[in-house]
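What follows is the residue order along each chain.
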Amino acid sequence: MNLQMQGSIRFADAPLTMSHVAHVPPSPCSSPCHMLTTERLILRSYVESDLDDIHRLWNDPLVQPYIMNEPVTLLGPKFKEKIRLVMDQANFGAVIALKETGEFVGQGVITVSEPKNRDGTFGICLLPKFWSNGYGTEATKFMIDFSFKWFGLNRMSLGVFANNPRAIAVYEKVGFVKEGRKRQAVWMDNHWEDFLTMGILRDEWEGQR
């Protein structure tokens, strides 16, 4: 499963420090849970009740075509186990919510599948009602900054379908560059789409700080 980007372009300029760790109400957590904050968002560990919101996100007809290689379909309750597995296996699996209200916004995941090569894989998606407000860029920038600082990565990688210019623009805004194109890789809405790979290196990330 590819978890890719739905979002828009705007930075949260506050530097990442441990002061971003907070308990910010309201939250569906029945007990205090680990939270990180940006200017307008909470990024927190998931709890069981979040699986319903994430399941709704993956079932959204505007979101699903951009985050899965599989045919677009209705994802039943058993799909929640796949969501749980993605979040549990991630090095940084975050539920993204509005800081002001606690409303669910989306999901972000970073997985370091190649520890020897210090290469992380990034994915994020937001509910359509939150597109074009800068939330995607705000969360993406934070997660990339956090991962380079705390996981000691040398690079961050991602994949995105070529017909997702909103996502591509966000990734380029935070420093990702296009590294490859797999032509006619995905059958989507009765036509073929290319699949792009993008990455950002540690020295590139450091150069833009």
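Above this note sits the structure.
Residues numbered from 1 in each chain as written. Predicted model: local features only at pLDDT ≥ 70, side-chain atom pairs only at ≥ 80, totals over all residues. Heavy atoms only, no water.

### With respect to the pairing of strand β6 (residues 155-161)
Then, in step 1: Across the seven residues of β6, seven count as buried, placing the element largely inside the fold.
Then, in step 2: Along β6, one buried face is formed by R155, S157, G159 and F161 and the opposite face, lined by M156, L158 and V160, is buried too.
Then, in step 3: In this sheet, β6 lies alongside strand β5 (residues 119-126) in parallel orientation, the contact comprising three bridges. Across the sheet, the residue bridging to G120 is M156, located in β6. (Buried < 20%, exposed > 50% of the residue type's maximum accessible area, 1.4 Å probe, protein only. Helix = DSSP H or I, 4+ residues; strand = E, 2+ residues; numbered from the N terminus. Pairing = 2+ DSSP bridges.)

### What to know about helix α3 (residues 79-89)
Then, in step 1: Looking at α3, one finds that the buried residues are F79, I83 and M87. Burial along α3 is one-sided: seen end-on, the buried residues are contained in an arc of 80°. (Arc of directions from axis to C-beta.)

### Quick look at the side chain of D50
Then, in step 1: Along the chain, D50 falls in helix α1 (residues 50-59).
Then, in step 2: On the basis of relative accessibility, which here comes to 1%, the residue D50 falls in the buried class.
Then, in step 3: Looking at D50, its side chain comes within polar contact range of the side chain of R44, at 2.7 Å. (Polar contact = N/O pair within 3.5 Å; in protein donor to acceptor, adjacent residues only side chain to side chain.)

Shape is all these values report; function is a separate question.
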